[in-house]
Amino acid sequence: MGRTEQGADDRPAGGAAGRVTPHVYDPIKDERVRLRAASVFSDGVLRVTWSDGVTRDVDFSHLDAERASWRLTLVPEVFRDFEIEEGGHGIRWINGFDQCADALRILADQQYYGMT
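Residues numbered from 1 in each chain as written. Predicted model: local features only at pLDDT ≥ 70, side-chain atom pairs only at ≥ 80, totals over all residues. Heavy atoms only, no water.

Peer 1: How should I be thinking about the pattern of salt bridges in this particular structure?
Peer 2: When charged atoms on two side chains of opposite charge get close, those side chains can pair. Using the criterion set out here, one finds 8 salt bridges in the structure. Across the pair Asp-57 and Arg-47 runs a salt bridge, and its minimum N-O distance is 2.6 Å. Of this pair, Asp-57 sits in strand E3 (residues 55-59) while Arg-47 is found in strand E2 (residues 45-50), placing the two residues 10 residues apart along the sequence. Overall, Asp-57 belongs to the buried group, its relative accessible area being 5%. Between Glu-85 and Arg-92 there is a salt bridge, and its shortest N-O distance comes to 3.2 Å. (Salt bridge = Lys/Arg side-chain N within 4 Å of Asp/Glu carboxyl O. Helix = DSSP H or I, 4+ residues; strand = E, 2+ residues; numbered from the N terminus. Buried < 20%, exposed > 50% of the residue type's maximum accessible area, 1.4 Å probe, protein only.)

Peer 1: Explain the sheet that holds strand E5 (residues 90-93) to me, please; I cannot follow it from the model alone.
Peer 2: Whether parallel or antiparallel, the strands of a sheet pair through hydrogen bonds between backbone atoms. Taken together, 3 strands build an open sheet; the order of strands is E4-E5-E6 and the sheet is antiparallel. Looking at strand neighbours, the two that pair on one side only are strand E4 (82-84) and strand E6 (98-100), the edges of this open sheet. Adjacent strand axes in the sheet meet at a mean angle of 15 degrees, parallel and antiparallel pairs treated alike. Across the sheet, helix H4 (residues 101-112) lies against E5 and E6, angled at about 80 degrees from E6, the strand it touches most. (Pairing = 2+ DSSP bridges. Axes fitted to C-alpha atoms, helices over the stretch in contact; angles between N-to-C directions. Contact = heavy atoms within 4.5 Å.)

Peer 1: Any chance you could explain H4 here in plain terms?
Peer 2: Since the α-helix turns once every 3.6 residues, residues separated by three or four places project in the same direction. Along its 12 residues, H4 runs 16 Å from first to last C-alpha, staying within 8% of the 16 Å computed at 1.5 Å per residue. Among the residues making up H4, those that are buried are Ala-101, Asp-102, Leu-104, Arg-105, Leu-107, Ala-108, Asp-109, Gln-111 and Tyr-112. Structurally, H4 contributes buried residues whose contacts are with strand E1 (35-42), E2, E3, E5 and E6. Positive backbone phi, at 70 degrees, marks Gly-114, one or two positions downstream of H4. (Expected span 1.5 Å × (residues − 1).)

Peer 1: Looking at this model, I keep getting lost on the packing of aromatic side chains. Mind explaining?
Peer 2: Here the distance between the centres and the angle between the planes together describe a pair of aromatic rings. Tallied over the full model, the rule gives 5 aromatic pairs. Put simply, the rings of Phe-60, Phe-79, Phe-82 and Trp-93 pair up and form one aromatic cluster. Stacked on the ring of Trp-50, the Lys or Arg Arg-105 has its end atom at 5.2 Å from the ring centre. (Phe/Tyr/Trp six-rings, centres within 6.5 Å; stacked < 30°, edge-to-face > 60°. Lys NZ or Arg CZ within 6 Å of the ring centre and 35° of its normal.)

Peer 1: Help me understand the confidence of the model for the protein, please; the structure alone is not making it clear to me.
Peer 2: Reading fine detail from the predicted coordinates is not recommended where pLDDT is low. On average, the protein scores 83 in pLDDT, and the residues at 70 or more come to 78%. Contacts from residues 1-16, a stretch scored under 50 in pLDDT, to residues over four places away or in other chains number 31 contacts. (pLDDT = per-residue confidence, 0-100.)

Peer 1: Explain the sheet that holds E3 to me, please; I cannot follow it from the model alone.
Peer 2: If you walk across this open sheet you meet the 3 strands as E1-E2-E3, and the pairing is antiparallel. Only two strands of the sheet have a single neighbouring strand rather than two, namely E1 and E3. Sheet twist, expressed as the average angle between the axes of neighbouring strands with direction ignored, equals 25 degrees. Where E1 and E2 come together, 6 bridges link them in antiparallel fashion. Residue pairing in the sheet places Val-40 in a bridge with Leu-46 of E2. Each of E1, E2 and E3 touches H4; the most contacted strand, E3, lies at about 90 degrees to it.

Here's what the structure looks like:
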């Protein structure tokens, strides 16, 4: 997954030659985030921006094998037909499947830092 715009949590920490210290969003410890924008980047991948300014690509393609409920959502025509829920609390697809902003951010951060 390619990296996109970096947020404050991506700055190199002190230590070894500018190495980035991974920080996966934690909805209990961190300020709650809401969705600001989302668009289809490619089949199965959304580019999402949260209220703290961080933008990440979120790849859902692997969920096809893991969760039967995702199979219909990953059909390109269905995947492209979504909306950000009121207040930016999540995304809802036309088939009724949804993901909250927190879960999207956790998945995005894990993918960004190569933890999945």
